[in-house]
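If you want the building blocks of each chain, they are given just below.
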Amino acid sequence: MTRLIFLGPPGAGKGTQAKTLAQECDLPHISTGDILRQAVQDQTPLGVKAQSYLDKGDLVPDKLIEDLIEERLAQPDTQSGWILDGFPRTVNQAVFLEQLLQKHQQGGERAINLEVPDEIVISRLLERGRKDDTAEVIRHRLDVYRSETSPLIDFYSDRNILLSVNGNQSPEEVTAELKKIVVS
Ligand SMILES: Nc1ncnc2c1ncn2[C@@H]1O[C@H](COP(=O)(O)OP(=O)(O)OP(=O)(O)O)[C@@H](O)[C@H]1O
Ligand SMILES: Nc1ncnc2c1ncn2[C@@H]1O[C@H](COP(=O)(O)O)[C@@H](O)[C@H]1O
């Protein structure tokens, strides 16, 4: 059973790697950012609520994202595992996930921290050029990552389920390291 949580700053390659691994391992790739961007595009009630947060590079409120994840992890395709990309992003969200998995007697999740220096992620994001990839929003997203999300490194390390991977290599090299983790 593979249950992987991707951690790492914006631009670390979480989406790139999660997508590749999901295809190769036939697992659902659950990207909260992708789900929210689609909701914004479709102007659903969730999208309308989330739009200003995404535009500014702020985190949407925990409750919104927790409801979304609870509903997504209840779908039948998650029974044989999943890859989470972009969730959890706060300690509250991580505690929520832990309790949700306990409630459903699911475990064995592992967290992968993709390590990439700031200057590299900044240049990758400027190159990617998404709506939230302007210099100002990138700076803010990195601040939010440091204050809200990086504490999850200790959270998962304390639970002995954290693995760190050097994300500052070619995508293929990163994937090769991740595949070793998935089969271990
Ligand atoms: N190993 C890599 N080397 C060089 N460029 C990469 C690598 N991995 C991803 N990229 C590129 O960097 C950009 C950011 O990657 P990606 O979207 O996967 O990051 P992310 O961690 O999911 O970011 P975010 O949290 O902002 O969504 C993309 O344009 C992607 O093509
Ligand atoms: N787990 C999340 N909590 C709060 N806000 C989130 C979460 N996941 C995504 N978001 C919002 O979406 C954008 C883009 O997400 P990426 O994972 O970087 O694609 C993010 O800045 C938050 O506004």
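Residues numbered from 1 in each chain as written. Chains lettered and ligands numbered in written order. Predicted model: local features only at pLDDT ≥ 70, side-chain atom pairs only at ≥ 80, totals over all residues. Heavy atoms only, no water.

Before we go on, may I ask you to explain the packing of aromatic side chains in this structure?
Geometry of an aromatic ring pair is reported as the spacing of the ring centres plus the angle between the planes. Counted according to the given criterion, the structure contains one aromatic pair. Directly above the aromatic system of F155 lies the positively charged group of R159, at a separation of 3.7 Å from the ring centroid. (Phe/Tyr/Trp six-rings, centres within 6.5 Å; stacked < 30°, edge-to-face > 60°. Lys NZ or Arg CZ within 6 Å of the ring centre and 35° of its normal.)

For this particular structure, what's the right way to read the site of ligand 1?
Taken together, the neighbourhood of ligand 1 is formed by 17 residues, with K14, T16, R128, R141 and Q169 sitting nearest. Interatomic distance of 3.0 Å between a backbone N/O atom of G13 and an oxygen atom of ligand 1. One of the side-chain N or O atoms of R141 is found 2.6 Å from an oxygen atom in ligand 1. Here ligand 1, which alone exposes 640 Å², has 76% of that area covered by the protein. Secondary-structure elements contributing two or more residues to the shell around ligand 1 are α1 (14-25) and α6 (118-128). (Near = heavy atom within 4 Å. Polar contact = N/O pair within 3.5 Å; in protein donor to acceptor, adjacent residues only side chain to side chain. Areas by Shrake-Rupley, 256 points an atom, 1.4 Å probe, with all protein chains shown as cover. Helix = DSSP H or I, 4+ residues; strand = E, 2+ residues; numbered from the N terminus.)

Mind showing me how you'd approach the confidence of the model for the protein here?
Low pLDDT means the predicted atomic positions in that stretch should not be read closely. Here the protein averages 97 in pLDDT, and 100% of its residues register 70 or above. Scored as a whole, the predicted complex attains pTM 0.97, and scored at its interfaces, ipTM 0.98. (pLDDT = per-residue confidence, 0-100.)

Help me understand the sheet that holds strand β3 (residues 81-85), please; the structure alone is not making it clear to me.
Sheet strands pair by backbone hydrogen bonding; their relative direction is either parallel or antiparallel. As summarised here, the arrangement of the five strands in space is β2-β3-β1-β4-β5, forming an open sheet in which the pairing is parallel. Each edge of the sheet is formed by a strand with only one pairing partner; in this case those strands are β2 (29-31) and β5 (162-166). Between one strand axis and the next, the sheet turns by 25 degrees as a mean value, whatever way the strands run. Of the pairings in the sheet, the one linking β2 to β3 comprises three bridges and is parallel in character. Bridge pairing in β3 places I30 opposite L84. Set on the sheet, helix α9 (residues 171-183) makes contact with β1 (2-7), β4 (109-115) and β5; between it and β5 the angle comes to about 160 degrees. (Pairing = 2+ DSSP bridges. Axes fitted to C-alpha atoms, helices over the stretch in contact; angles between N-to-C directions. Contact = heavy atoms within 4.5 Å.)

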